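This is what each chain is made of:
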Amino acid sequence: MLNASLNKSLYSVIALLVLVMGLGLITSTAFAADEQSSQQQATTRTSDADLWRAVKAGESGYSTDKGLESNVLINVVGNEGKIARDTYLKPAIALAVVGVFAAFLVFYLVNGASKLDKGFSGKMVARWSQADIWLHWIMAVACLLLMVTGILIMLGRHFLAPYIGEGLWAGIIAFSKFSHDWAGPVFIVSWLLCVIKWMPLQTFKLYDLKWFLVVGGYINFGPFKGKHPDAGFANAGEKMWFWTLVFFGLFVSVSGLMLVLPNLDLPREASMLALLVHGVSAAILIAFTIVHIWMATVLSEGGMECMVSGYCDENWAIQHHNLWYDEIKDNGTLKYKD
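Residues numbered from 1 in each chain as written. Predicted model: local features only at pLDDT ≥ 70, side-chain atom pairs only at ≥ 80, totals over all residues. Heavy atoms only, no water.

Novice: I would appreciate a short explanation of the environment of Val280 in the present structure.
Specialist: On the secondary structure map, Val280 appears in helix H7 (residues 268-296). Assessed through its relative accessible area of 43%, Val280 is described here as partly exposed. The sequence separation of Val280 and Phe251 amounts to 29 residues, and the corresponding C-alpha distance is 9.3 Å. (Helix = DSSP H or I, 4+ residues; strand = E, 2+ residues; numbered from the N terminus. Buried < 20%, exposed > 50% of the residue type's maximum accessible area, 1.4 Å probe, protein only.)

Novice: Hey, could you run me through the nonpolar core in this one?
Specialist: Grouped burial of nonpolar side chains is what soluble globular proteins tend to show. Residues Ile93 and Phe187 are the most contacted members of the largest nonpolar core, which totals 48 residues. Those elements that place two or more of their residues in this core are helix H2 (76-111), helix H3 (130-159), helix H4 (166-198), helix H6 (236-260), H7, helix H8 (306-309), helix H9 (314-320) and helix H10 (322-330). Among the elements that take part in this core, H3 stands out by supplying ten residues, more than any other. Filtering out sequence-adjacent residues up to four positions away, Ile93 remains in contact with Ile151, Met154, Leu155, Gly279, Ala283 and Ile286. (Core = buried A, V, L, I, M, F, W, Y, C linked by side-chain atoms within 4.5 Å. Contact = heavy atoms within 4.5 Å.)

Novice: Sorry if this is basic, but what is going on with the pattern of salt bridges here?
Specialist: Pairing between side chains of opposite charge can happen when their charged atoms approach one another. Scanning all chains against the criterion turns up seven salt bridges. The residue Glu301 makes a salt bridge to Lys115 at a minimum N-O spacing of 4.0 Å. Placement of Glu301 in the loop between H7 and H8 and of Lys115 in the loop between H2 and strand S1 (124-126) is noted, with a sequence separation of 186 residues between them. Judged by relative accessible area, Glu301 falls into the partly exposed class, the value being 22%. Here the salt bridges share partners, and the residues they tie into one network are Arg85, Asp86 and Lys90. (Salt bridge = Lys/Arg side-chain N within 4 Å of Asp/Glu carboxyl O.)

Novice: Would you take a moment to explain the packing of H3 against H4 for this structure?
Specialist: Running from N to C, H3 and H4 point in directions that differ by 145°, and their axes come no closer than 7 Å. Crossing handedness for the pair H3 and H4: left-handed. Looking at the contact of H3 with H4, its residues break down into 19 nonpolar, nine polar and four charged. (Axes fitted to C-alpha atoms, helices over the stretch in contact; angles between N-to-C directions. Left-handed = near helix turned anticlockwise from the far one by under 90°. Nonpolar A, V, L, I, M, F, W, Y, C, P; charged D, E, K, R; others polar.)

Novice: I would appreciate a short explanation of a nonpolar patch on the surface in the present structure.
Specialist: A cluster of nonpolar side chains, namely Phe101, Leu105, Val106, Tyr108, Leu109, Val110, Phe221 and Val298, defines an oily patch on the protein surface of about 750 Å² accessible area. In this fold, Phe101 is placed in helix H2. (Patch = residues over 30% accessible without salt bridge, like charges linked within 9 Å, V, L, I, M, F, W, Y side chains within 5 Å. Areas by Shrake-Rupley, 256 points an atom, 1.4 Å probe, with all protein chains shown as cover.)

Novice: Explain the side chain of Ser281 here, please?
Specialist: Topologically, Ser281 is positioned in helix H7. Accessibility expressed as a relative area gives 2% for Ser281, which makes it buried. Not counting chain neighbours up to four residues away, the residues in contact with Ser281 comprise Phe248, Phe251 and Val252.

Novice: I keep staring at H6 and nothing clicks. Help me out?
Specialist: Since one α-helical turn is 3.6 residues long, residues separated by three or four positions face the same way. Under the 1.5 Å per step criterion, the end-to-end length of H6 is 35 Å for 25 residues, consistent within 8% with the ideal 36 Å. Looking at H6, one finds that the buried residues are Ala236, Lys239, Trp241, Phe242, Thr244, Leu245, Val246, Gly249, Val252, Ser253, Ser255 and Gly256. Residues of H6 that are buried sit in contact with H3, H4, helix H5 (208-213) and H7. (Expected span 1.5 Å × (residues − 1).)

Novice: Can you help me understand the packing of aromatic side chains in this one?
Specialist: Each aromatic ring pair is specified by the distance between its two centres and by the angle formed by the two planes. For the coordinates displayed, the defined rule picks out twelve aromatic pairs. Consider the rings of Phe242 and Trp243, whose centres lie 5.2 Å apart with planes at 85°: the pair is edge-to-face. Relative accessible area serves as the criterion here: at 22%, Trp243 is assigned to the partly exposed category. In textbook terms, an aromatic cluster arises when at least three aromatic residues are bridged by ring pairs, as seen for Phe101, Phe104, Tyr108 and Trp294. Residue placement shows Arg127 over the ring face of Phe233; its charged tip is 4.2 Å from the ring centre. The lysine or arginine in question, Arg127, covers the ring of Trp324, its NZ or CZ lying 4.9 Å from the ring centre. (Phe/Tyr/Trp six-rings, centres within 6.5 Å; stacked < 30°, edge-to-face > 60°. Lys NZ or Arg CZ within 6 Å of the ring centre and 35° of its normal.)

Novice: Sorry, what's going on with the state of the cysteines here?
Specialist: One covalent bond between the sulfur atoms of two cysteine residues makes up a disulfide. The final tally for this structure, using the stated rule, is zero disulfides. Cys312 provides the cysteine sulfur closest to Cys306, a residue in no disulfide bond, and the two sulfurs are 4.7 Å apart. Using a relative accessible area of 4% as the deciding quantity, one classes Cys306 as buried. (Disulfide = S-S within 2.5 Å.)

In structure tokens, the structure reads:
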């Protein structure tokens, strides 16, 4: 009986030990599985973060699409260019329009126009040919149309769209885009012809420096009053406007072609650079165009007549372009209007 009782107790101890070991094995296995799962989740989170970081950095991946930049989900240059456009370019264009116009308006209200000291003579001197007049106005109309539609495209959503209906705004922006695209080639061709035809008249001379020092003789008060500096066919201000038109007209033309021609298939970086160059060049041209219009019309008595009929009053020629007047008088090319 004693041996049977001992054997039964021994079996009970062994069974208990086996049960404890089994529970321990099961528990350790569960803990190991949980730890492995946690590590896998942490690895997955790290992998996801690294992937998103790479995507936001503009890194390329793999795609079966063979299109340009199809393996890039986010183009960093495009986002940075958009920020630069909204932060710097739009305010620059607004300043070019409002600031320059307001500055010349104040100048006109304070200073007044530059009057002819001896009044109009009544004798009209030939200054521009009919070809020059046509070229000027074709380029001018195309340029003004590009500027107005460009301003609407870039800034219209801020100062116009909130105050009109969506349907009207959609029509305005669609017409602006259409007009902008088709006025561009007209401007480029006329701009090129004007540059070729007028460049020989636009070289800077030493006497042009004095023109700047006395602000062209346009100031009607203080020590500058009555100062009429020497000027050839084109004065220093007109030459500055011409060369601004040459260089920034080139920039705006090339960048515009890059933006509208569909078959160029440019990378995003090149397209964004073209957009920024186009906008900066346009802002500079807008500012100088406003100055040019003010100087040729309101601020210069008798100046507008030159590009309407091709003739200028003789007293206007003597006062504003004396060296040119003396030259044509001396060489016998002075021609009066019949």
